[in-house]
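Examination of the molecular architecture
One letter stands for each residue in the lines below.
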Amino acid sequence: MNLILLNNDDFTDPTRVRLSGRRLEHIVNIQRASIGDTLRVGEINGLSGTGKILSLSNEELEMEVQLDQSPPEPLPITLLLALPRPKMLKRVLQSVSSLGVKQIYLINSYRVDKSFWGSPLLQPEKLREQLILGLEQARDTLLPEVHLQPRFKPFVEDELPEIIGKSDAYIAHPGATMPCPKALDQEITLAIGPEGGFIPYEVEKLQTCGFVPITLGERILRVETAVPVLLSRLTP
Ligand code: SAH
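Residues numbered from 1 in each chain as written. Predicted model: local features only at pLDDT ≥ 70, side-chain atom pairs only at ≥ 80, totals over all residues. Heavy atoms only, no water.

1. Observations concerning the overall build of the chain
The condition is simple: Here a strand is any run of E in DSSP of at least two residues, a helix any run of H or I of at least four, and the numbering for each starts at the N terminus. Relative accessibility thresholds used throughout: buried, under 20% of the residue-type maximum; exposed, over 50%; partly exposed, between the two (1.4 Å probe, protein chains only). Throughout, a residue-residue contact means that at least one pair of heavy atoms, one from each residue, lies within 4.5 Å. Surface exposure here means Shrake-Rupley accessible area, sampled with a 1.4 Å probe, where a residue is shielded only by the protein chains that are shown.
On a plain count of helices and strands, the chain comes out with six helices and twelve strands. Principal-axis analysis of the C-alpha atoms gives the chain an extent of 60 × 40 × 35 Å. Here the chain holds 236 residues, and the buried ones make up 45% of them. Sequence separation of at least 24 residues holds for 68% of the intrachain contacts in the chain that already meet a minimum separation of 6. With an accessible surface of roughly 12300 Å², the chain has 47% of that area assigned to carbon and sulfur atoms.

Structure, rendered in structure tokens:
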């Protein structure tokens, strides 16, 4: 936790917060902070700055906060991710949140196991927990939005064209002939397949929508590896 993220509910007045639970434990046991120490804090979807510890007990901590710094620039990438298995989804959400992606569409695909859509991890509160872990790591405050799209065809036909807008749209597909472009100075929409890959019908549908298949080369990477590599190659 390189930044303690604050919710509206934490504020007892405009410059004071009261924390308990996971954040209190982290501050006491990992950061080993005590009264008078100053920590980095940030308000969810707001500014970041410092928090000075005013009081500390086993149950709660009070800080005086000064918030005056903007969060890091978001990554100009909208991510479409074929819903991965829950364990992988957790890791991917944390890492893309750390990397600055702000729009994430979890989409269906023929090779997505149907049971994944029933995972408790897809509840808004659970998704938020993972995203917050990523933001705390990267000292960001802007919470990414996650959209669930359990029906591939209507999503691609009815919603995707507007989502793509004027961005460059790419499908990461190991079998593609075009190598992944580097350092684009452009808004990007990027589609990542499931563990088994997109089926040809899905690739065609996405191509009809304007997506261009790109490859990272002959090595087939796990989704959790492919995603950070693609994000860092595509952006300046
Ligand atoms: N079995 C599938 C690979 C799936 S890997 C196949 O052979 O096509 C899961 C996803 O990670 C892929 O759909 C793709 O979006 C991404 N990915 C993994 N390795 C990649 C590579 N070398 N190039 C481009 N995308 C890759």
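2. Side note on the site of the ligand
For clarity, the cut-off: Working definition: residue near molecule or strand if any one of its non-hydrogen atoms lies within 4 Å of it. Each polar contact in these results corresponds to two N or O atoms within 3.5 Å; when the atoms are within protein, one needs to be able to donate a hydrogen and the other to accept it, and residues that are neighboring in sequence are counted only if both atoms are side-chain atoms. The classification used treats Ala, Val, Leu, Ile, Met, Phe, Trp, Tyr, Cys and Pro as nonpolar, Asp, Glu, Lys and Arg as charged, and all other residues, Gly among them, as polar.
Taken together, 18 residues form the shell around the ligand, and within it Ala172, Gly193, Leu216, Arg219 and Leu221 come nearest. In the environment of the ligand, a nitrogen atom lies 3.0 Å from a nitrogen or oxygen atom belonging to the backbone of glycine 217. Taking arginine 219, its main chain carries an N or O atom lying 2.7 Å from a nitrogen atom of the ligand. Protein chains shield 86% of the accessible area of the ligand, which is 550 Å² for the free molecule. Residue composition of the shell around the ligand, by class: ten nonpolar, six polar and two charged.

3. Focus: the environment of phenylalanine 198
Within the secondary structure, phenylalanine 198 sits in the loop between β11 (188-192) and α5 (200-208). C-alpha separation for the pair phenylalanine 198 and threonine 235, spaced 37 residues apart in sequence, amounts to 24 Å.

4. Re the sheet that holds strand β6 (residues 61-69)
Note the threshold: Pairing between strands is defined by DSSP: at least two bridges between the two strands are required. In this analysis, axes come from line fits to C-alpha atoms, helices being fitted only over the stretch in contact, and the angle between any two N-to-C directions falls in the range 0 to 180 degrees.
Reading across from one edge, β1-β4-β5-β6-β3-β2 is the order of the six strands in this open sheet, with mixed pairing throughout. Since the sheet does not close on itself, it has two edges, and those belong to β1 (4-6) and β2 (11-13), each with one partner. Adjacent strand axes in the sheet meet at a mean angle of 40° when their direction is disregarded. In the sheet, strand β4 (residues 38-43) pairs with strand β5 (residues 48-56) via five bridges, with the strands oriented antiparallel. The partner of valine 41 across the bridge, within β5, is glycine 49. In the packing of helix α1 (residues 21-30) onto the sheet, the strands contacted are β1, β3 (16-19), β4, β5 and β6, and the crossing angle to β1 comes to about 155°.

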